[in-house]
Amino acid sequence: MQKIVIGNLKMNLEEKDVDEYLNIIKNTDFPNVDLYMSPSYIYLSRFKSKNYHLTAQNVSLFNDGAYTGEISALQLKSIGVDSVIIGHSERRIKFNEDSKIINKKIKIALENNLKVILCIGESKKVAKENTINILIEELKKDLKDISDYSNIIIAYEPVYAIGSNTDVNVFEIKEIIDSLKSFMEKLYKTNIKIVYGGSINENNINEIINICDGVIVGKTSINAKKIIEMLKKI
Ligand code: PGA
């Protein structure tokens, strides 16, 4: 089965870097990988390729109208975007997006037929049982009144593991992901895909890739050569 890889470029790359990046990434096709590429809004059209999903890093709460500075699901869809990252910890923490906002964004994205990559993660390292409870409580709020999960991927990213070079504790991550999967199966009757994120790179990808459905990658994805190196290992 194909593994999911999501390249979250965050607020990186300048205009002068884009061509070189695309020369490396655009024509690559890895049969074992279902790739999602998520550059800043301003580069989305240029990133279009038949080899990967075009993914936005955010979406407006509204479809159209007087919302200066916002970009809607409708607009994203109209330029060929098929997926969107929602609930990333950087948006939850730095832009005060709470679960009510995230729930609304998920609904508007799904209504517009965008696939949703829903990020969740505990902010501090706590005992495993507590982590699972924190994540389940968050999922219940984020997914409130949503009944179709077929277009949702969950990205489990402990906040302290993002951009930190933290060691990957495969055993613990597997236990958490397995618990989340069985929670989703029991309560929502869905076999949802769960990817892991937090300092994943070309050196630790082999450790993690077999215990989950894929990965979400920040820092490593800024370097096109490194992401290719990583994809080759899957
Ligand atoms: P990182 O970021 O790979 O730099 O830790 C992951 C993310 O924020 O999605």
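Provided above is the structure to which this section pertains.
This is a predicted model, so every value here is computed, not measured.

Draft legend 1. Inspection of the pattern of salt bridges at higher detail. Throughout the structure, instances matching the rule amount to 16 salt bridges. Among the salt bridges present, the one from E15 reaches R46, with a minimum N-O distance of 3.0 Å. With a gap of 31 residues between them, E15 in helix α1 (residues 15-25) and R46 in helix α2 (residues 44-47) connect regions that are remote in the sequence. Residues E202 and K226 are paired through a salt bridge, measuring 4.0 Å at the closest nitrogen-oxygen approach. Of this pair, E202 sits in the loop between β7 (193-197) and α8 (205-209) while K226 sits in helix α9 (residues 224-232), and the two are 24 residues apart along the sequence.

Draft legend 2. The site of the ligand, seen in detail. The environment of the ligand is formed by 13 residues, the closest being K10, H88, E157, G163 and S199. Within the side chain of E157, one N or O atom sits 2.6 Å away from an oxygen atom of the ligand. Here an oxygen atom of the ligand sits 2.6 Å away from a polar atom, N or O, in the main chain of G163. Protein contacts shield 98% of the accessible area of the ligand, which totals 280 Å² for the unbound molecule. The cavity where the ligand resides is the second largest pocket. A breakdown of the residues in the shell around the ligand according to their chemical character gives four nonpolar, six polar and three charged.

Draft legend 3. Structural context of the layout of surface pockets. Taken as a whole, the largest pocket spans an internal volume of roughly 430 Å³. Forming the boundary of the largest pocket are 14 residues, of which K10, M11, Q57, R91 and F95 lie nearest the centre. A per-element tally of the lining of the largest pocket places helix α4 (residues 89-94) first, with three residues. Its residues assigned to classes, the lining of the largest pocket shows five nonpolar, five polar and four charged. Put simply, the second largest pocket is a space of about 330 Å³. Residue lining of the second largest pocket: 25 residues in total, with S199, I200, G218, K219 and T220 positioned closest to the centre. Taken together, the residues that form the lining of the second largest pocket break down as six nonpolar, 14 polar and five charged.

Draft legend 4. Spotlight on the packing of aromatic side chains. For the structure shown, the criterion picks out five aromatic pairs. A ring pair is formed by F62 and Y67, whose centres lie 3.9 Å apart and whose planes are at 0 degrees; its orientation type is stacked. Its relative accessible area of 34% is what places F62 among the partly exposed residues. The exposure class assigned to Y67 is partly exposed, which follows from its relative accessible area of 36%. Here Y156 and Y196 contribute two aromatic rings whose centre-to-centre distance is 5.7 Å and whose plane-to-plane angle is 65 degrees, an arrangement assigned as edge-to-face. Of this pair, Y156 sits in strand β6 (residues 152-156) while Y196 sits in strand β7, placing them 40 residues apart in sequence. Comparing Y156 with Y196, the two get one shared label, buried. Taken together through their ring pairs, the aromatic side chains of Y149, F183 and Y188 make up a single cluster.

Draft legend 5. Region of the structure containing the pairing of strand β3 (residues 53-56). Residues H53 and T55 line one face of β3 and the alternating positions L54 and A56 line the opposite face, and both faces are buried. In this sheet, β3 lies alongside strand β2 (residues 33-38) in parallel orientation, the contact comprising two bridges. Note on β3: the bridge partner recorded for M37 is L54. In terms of strand pairing, β3 meets strand β4 (residues 83-86) through two bridges, oriented parallel.

How each quantity is defined
- Residues numbered from 1 in each chain as written.
- Predicted model: local features only at pLDDT ≥ 70, side-chain atom pairs only at ≥ 80, totals over all residues.
- Heavy atoms only, no water.
- Salt bridge = Lys/Arg side-chain N within 4 Å of Asp/Glu carboxyl O.
- Helix = DSSP H or I, 4+ residues; strand = E, 2+ residues; numbered from the N terminus.
- Near = heavy atom within 4 Å.
- Polar contact = N/O pair within 3.5 Å; in protein donor to acceptor, adjacent residues only side chain to side chain.
- Areas by Shrake-Rupley, 256 points an atom, 1.4 Å probe, with all protein chains shown as cover.
- 1 Å grid on protein atoms, 1.4 Å probe; cavity = no way out; pocket = protein on both sides within 12 Å on 5 of 7 lines; lining within 4 Å.
- Sits in = over half its atoms within 2 Å of the grid points.
- Nonpolar A, V, L, I, M, F, W, Y, C, P; charged D, E, K, R; others polar.
- Points joined across faces, edges and corners; volume = space filled by probe spheres on them.
- Phe/Tyr/Trp six-rings, centres within 6.5 Å; stacked < 30°, edge-to-face > 60°.
- Buried < 20%, exposed > 50% of the residue type's maximum accessible area, 1.4 Å probe, protein only.
- Pairing = 2+ DSSP bridges.

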